[in-house]
Amino acid sequence: MATQERPRLDPATARQVIDPSSYAEWDGLLDTFDRLRAETPVAWVEPEDGGVHPPFWLVTRYDDVMRMSKDNATFLNNPHTVVFSLTEGIEFAKAFSGGSEHMVASLVTFDAPIHMKYRKLTQEWFMPKNLRTVEDEIRAIAHAAVDRLLAGGGEADFVKTVAAPYPLHVVMQILGVPEEDEPRMLMLTQQMFGGSDEDLNQSGMKDLPPEAITQLVAGAVKDFEAYFAKLTAERRASPTADVASTIANAVIDGEPLNDRDMMGYYIILAAAGHDTTSASTAGAMLALARDPEQWARVRADRSLLPGIVEEAIRWTTPVQHFMRTAAEDTEVGGQPIAKGDWLMMNYVAANHDPAHFENPRRFDAARSPNRHLAFGAGAHQCLGLHLARLEMRILFETLLDRIETVELAGEPARSRSTFVGGLKTLPLRFTPA
Ligand code: HEM
C-alpha cells in the first residue's frame, strides 16, 4: 500500500502522542483523543524525519481496540516490540538480545501456540480461588502500609508512602523475594528496561554512553539470572505455595522450563505487577480525596467499594497502550492495514470513548456496565487482574477502617511515560479513625 493513502497524523499531534510529557498533561491528551476518535480513529503516525521511531497506526476507538485485542491470529505480539519504543531503543534491544526487538522473551512477547502453554502454567494461581489463600498476607502488607501513612502525623504523599510500595511488597512476596532484596529487584527491573527514554531517567542511566548502558543492562540480566537460579533451586528442593514454586516446578511438553524462559516469567510478573496497581490505587485515592462525601458514604457502606475499584482502574488506565503487528493484510475500522504494520491500541483513548462511557472524564463509582479495556482483552488479557482488584479492595478496606477523613493537601502530579503511567505524587491530609 502506498504511504500517501494512509491518513497521516499532523506532525504536532503525532509528537504529542509519542511524547512522554503529554501523558503528564492528561486533559490535553484526552482532548486530542476525542478529536481523533471523531475525525481519524485509525491514524498513521510517521515521524517527519523518518527516523525517530518506526511508523505505526494509532487506534483510538473502543470497538476497534476491543476487536484487535480479541483477534490474536491477525494482530500479533511478535515480532515487533509490544511497547512503543524509539528506533534507538529497538536497536538497543536487538543488539542486546541478539536480534529480537524484545529485551526479554515472556508471556507478552509470545503468540499462539506457545503463549497459551506458558500462560496456563500460572493461570490457576492467579484465579480468585487460589488468591483467597494469600488474602491474609496481603492484608498484613496493607496494614503495614497504612501504619506508614499514619506515622506521617496527618499529612503524607500517598504515592510514596502507600501506593508505590504496597503493590511492590505484594508482588515480591508472591514471587518469594524477601523484603531486604526488594530494592535490588526494583533497581534490576529499572536497569533492564532502561532502554527507553523515560525509564533511562528513572534508573539514572540517561547520561551514560551506550557501551556503559549495554554493560549495565547485561550485568542486570546476569544478576537476575543468578538471583532466580538460587530461588529456583530452593523451590525445587522444597516447594511452597508461592508462584515462584509454580514456575520453578513447571513442565511444558514434558520438559522443565529452561533458565531463560523461567527468568522471563519472573521478570514479567515482577515488572507487570507493581507500577500498574500503584497507579490505579493512587487514582482511586485521588477520586475519593476530592469527594469527602463519597469517602464517608463508602466508609458506611462497603458494598460501594468494588464499583470504586473498577472505576478507578478505567479512569486511570495505568497501562496506556500495547502494540500489535498485523499478521496479514487486513482492516481496522474500515482502514486498510498492510501485513507487517505496527499498531498502537491506545487504552486511554478507548476507555474514554463516549460511545461506551457516558461522560467518560467523570469518576462515576456507580458506572454500570463498566466494561473497560484497562486490562486488555483476548488471549493476553491481564493475568493479574483478579490480584490487582483484590489488592485494591483489601487496601481500601484497611484505609476506610483506619482513616476517618481525607482531603487533598496539594496538587497531585502525573508521571511522564507513554507506557505505564499515573500519579507520581498525591499530597494528602487525613484524620485517623
Ligand atoms: C498483561 C494491565 C496488574 C500481570 C496486561 C495487559 C494489560 C494489563 C493492559 C495486556 C493485555 C492485552 O494485551 O490484552 C494491568 C493493569 C493492572 C495490572 C491496569 C493494575 C491495575 C497486574 C498484576 C500482575 C499482572 C498485579 C501480576 C502480578 C500481567 C501479565 C500480563 C499482563 C503476566 C501478560 C499476560 C499475557 O500476555 O498473557 N496487564 N495489569 N498485571 N499483566 Fe497486568
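Residues numbered from 1 in each chain as written. Predicted model: local features only at pLDDT ≥ 70, side-chain atom pairs only at ≥ 80, totals over all residues. Heavy atoms only, no water.

Draft legend 1. Expanded view of the overall build of the chain. Broken down by element type, the chain carries 19 helices and 14 strands. In terms of principal-axis extent, the alpha carbons of the chain reach across some 65 × 55 × 40 Å. Out of the 433 residues in the chain, the part that is buried amounts to 53%. Within the chain, contacts between residues separated by at least 24 positions form 72% of all contacts whose residues are at least 6 apart in sequence. Surface exposure of the chain reaches about 18,500 Å², of which carbon and sulfur atoms provide 53%. One way to put it: in the chain the 42 positive side-chain charges average out to a point 3 Å from where the 61 negative ones average out. (Helix = DSSP H or I, 4+ residues; strand = E, 2+ residues; numbered from the N terminus. Buried < 20%, exposed > 50% of the residue type's maximum accessible area, 1.4 Å probe, protein only. Contact = heavy atoms within 4.5 Å. Areas by Shrake-Rupley, 256 points an atom, 1.4 Å probe, with all protein chains shown as cover. Lys, Arg positive; Asp, Glu negative; His and termini not counted. Charge placed at Lys NZ, Arg CZ, Asp CG, Glu CD.)

Draft legend 2. A look at the packing of helix α9 (residues 165-175) against helix α14 (residues 259-272). Contact geometry for α9 and α14: axes closest at 9 Å, N-to-C directions at 160°. On the basis of their axis angle, the class for α9 and α14 is roughly antiparallel. The chirality of how α9 crosses α14 is right-handed. Contacts between α9 and α14 involve Val171, Met172 and Leu175 from the first element and Tyr266, Leu269 and Ala270 from the second. For the contact of α9 with α14, the class distribution of residues is six nonpolar, no polar and no charged. (Axes fitted to C-alpha atoms, helices over the stretch in contact; angles between N-to-C directions. Parallel < 35°, antiparallel > 145°, perpendicular 65-115°, else oblique. Left-handed = near helix turned anticlockwise from the far one by under 90°. Nonpolar A, V, L, I, M, F, W, Y, C, P; charged D, E, K, R; others polar.)

Draft legend 3. Structural context of the coordination of the iron atom of the ligand. Coordination of the iron atom of the ligand by the protein involves just one donor, Cys382 (SG), at a distance of 2.3 Å. If you trace the backbone, cysteine 382 turns up in the loop between α18 (347-350) and α19 (385-402). (Donors = N, O, S within 2.8 Å, 3.2 Å for Na, K, Ca; no water.)

Draft legend 4. Looking closely at the sheet that holds strand β10 (residues 342-346). Overall, mixed pairing links the five strands, which are arranged β1-β2-β10-β7-β3 in an open sheet. Each edge of the open sheet carries a strand with a single partner, namely β1 (42-45) and β3 (75-76). One ladder, built from four bridges, connects β1 with strand β2 (residues 56-59); its direction is antiparallel. Bridge pairing in β2 links alanine 43 to leucine 58. Set on the sheet, helix α3 (residues 62-70) makes contact with β1, β2, β3, β7 (321-326) and β10; between it and β10 the angle comes to about 120°. (Pairing = 2+ DSSP bridges.)

Draft legend 5. Quick look at the environment of leucine 304. Considering the arrangement of structural elements, one finds leucine 304 in the loop between α16 (292-300) and α17 (305-316). Here the alpha-carbon distance between leucine 304 and alanine 366, two residues 62 residues apart in the chain, equals 8.0 Å.

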